[in-house]
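# A look at the structure
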Amino acid sequence: MPSEPVWSYRCIGGRCKKTAIDHSKSDTVSKAISLQVCRLLCDGSSYGTVWPRPTGDARIGTDLVHLDLDGMIFDWVVEHDLLRDRWDASVQRFRGQLKNKAVEETIRSGGNRLKVVVEVGSDSLVLNHQTDESYKLMIKGPQEHAIAVSIKAATYFGARHGLETLAQLIVFDDIRNELLVLTDVLLQDGPKYPHRGLSLDTSRNYVDIASLKRTIDTLAMVKMNVLHWHVTDSHSFPLVIESQPLLSKFGAYNKKQIYTAV
């Protein structure tokens, strides 16, 4: 059986400090604050846990509302056929992010539905230094057991960033086993720099595929847009090229430390 929570957290001087929960007093238990909730509201700024920091106007409230993981709806203002597969993948990833916040705990059912309305101005999937990646995010409610979320962006990439920010404003309260979302949010954001990248050198030190995927997922979490993969060099040639199989056969560190197209 799950153990009773031991610690509650208070925001003191911009830091979360733990205090013991007195289980002999019911009001102490009911008012206990989990570390995740405390961190969401105790960073000394008005941006909560949004990262990178928004570059535009931001208003983030302090009211937290119980969210129903199974009651999420995503609607397009204008349906873009070219973006459907990309957006479906983004939504699936978003749902996975929320489940992962529970860290193998059981998420309590019930709560408010989440209705996300997305408005994207263009169906372009061109991503370069001129791409508009800005977005506007609004969270209101609850009203009639529903939380209304609006994401407006010029491109899919801005809308995807808006969805990422929404995920950052949702936490798992491990005292009550609930997903909680901040409401009364109005946030305008866009990248400060057009090139936001990470250079990864796997020619000198091999990185397994699972770690590569986690790295790419992390880039998405912090809204970066470039992965520079230094895959081959004089140290090793782990890239399998079907037309030149000897390159990886003799150039890789060993037969298992390779990268293939499949």
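Structural notes, computed from the coordinates. Computed from a predicted structure; not experimentally measured. (Residues numbered from 1 in each chain as written. Predicted model: local features only at pLDDT ≥ 70, side-chain atom pairs only at ≥ 80, totals over all residues. Heavy atoms only, no water.)

### What about the overall build of the protein?
The helix and strand tally for the protein stands at six helices and twelve strands. Seen along its three principal axes, the alpha-carbon backbone of the protein occupies a region of about 70 × 45 × 35 Å. Counting all 262 residues of the protein, 37% fall into the buried class. Within the protein, counting contacts between residues at least 6 apart in sequence, those at least 24 apart form 71% of the total. Total accessible area on the protein is roughly 15,400 Å²; 53% of this is exposed by carbon and sulfur atoms. Once the 32 positive and 31 negative side-chain charges of the protein are each reduced to a mean point, those two points are 5 Å apart. (Helix = DSSP H or I, 4+ residues; strand = E, 2+ residues; numbered from the N terminus. Buried < 20%, exposed > 50% of the residue type's maximum accessible area, 1.4 Å probe, protein only. Contact = heavy atoms within 4.5 Å. Areas by Shrake-Rupley, 256 points an atom, 1.4 Å probe, with all protein chains shown as cover. Lys, Arg positive; Asp, Glu negative; His and termini not counted. Charge placed at Lys NZ, Arg CZ, Asp CG, Glu CD.)

### A look at the packing of helix H3 (residues 84–100) against helix H4 (residues 156–168)
Look at H3 against H4: their axes get within 10 Å of each other, and the N-to-C directions meet at 10 degrees. One finds that H3 runs roughly parallel with respect to H4. Residues Arg86, Trp87, Ser90, Val91, Arg93, Phe94 and Gln97 of H3 lie in contact with H4, whose contacting residues are Tyr156, Ala159, Arg160, Leu163, Glu164, Leu166 and Ala167. Counted by class, the contact of H3 with H4 contains eight nonpolar, two polar and four charged residues. (Axes fitted to C-alpha atoms, helices over the stretch in contact; angles between N-to-C directions. Parallel < 35°, antiparallel > 145°, perpendicular 65-115°, else oblique. Nonpolar A, V, L, I, M, F, W, Y, C, P; charged D, E, K, R; others polar.)

### With respect to the pattern of salt bridges
Under the definition given, this model contains twelve salt bridges. Note that arginine 84 and aspartate 81 form a salt bridge whose closest N and O atoms lie 2.7 Å from each other. On the basis of relative accessible area, arginine 84 is assigned to the partly exposed category, the value being 37%. A relative accessible area of 58% places aspartate 81 in the exposed class. Across the salt bridge formed by arginine 196 and glutamate 133, the nearest N and O atoms sit 2.7 Å from each other. Of the two residues, arginine 196 is situated in the loop between strand S10 (185–189) and strand S11 (197–201) and glutamate 133 in the loop between strand S5 (112–120) and strand S6 (135–143); the sequence distance between them amounts to 63 residues. The buried category is assigned to glutamate 133, whose relative accessible area is 5%. (Salt bridge = Lys/Arg side-chain N within 4 Å of Asp/Glu carboxyl O.)

### Quick word on the environment of valine 231
Locating valine 231 in the fold gives a position in the loop between strand S12 (226–230) and helix H6 (245–251). Overall, the relative accessible area of 15% leaves valine 231 in the buried class. For the pair valine 231 and threonine 202, spaced 29 residues apart in sequence, the C-alpha to C-alpha distance is 5.2 Å. With residues near it in sequence (within four places) discarded, valine 231 still touches Thr202, Ser203, Pro238, Leu239 and Tyr259.

### Re the sheet that holds strand S3 (residues 58–60)
The eight strands lie next to each other as S3-S10-S6-S7-S5-S4-S9-S8, forming an open sheet whose pairing is mixed. The open sheet is flanked by S3 and strand S8 (170–173), the only strands paired with a single partner. Within this sheet the neighbouring strands show an average axis-to-axis angle of 30 degrees, counted without direction. Across three bridges, the pairing between S3 and S10 is antiparallel. Bridging from a neighbouring strand, arginine 59 pairs with leucine 186 of S10. The strands touched by H3 within the sheet are strand S4 (64–76), S5, S8 and strand S9 (178–182), with S4 carrying the most contacts at an inclination of about 170 degrees. On the sheet, H4 packs against S4, S5, S6, strand S7 (146–153), S8 and S10 and is oriented at approximately 45 degrees with respect to S6. (Pairing = 2+ DSSP bridges.)

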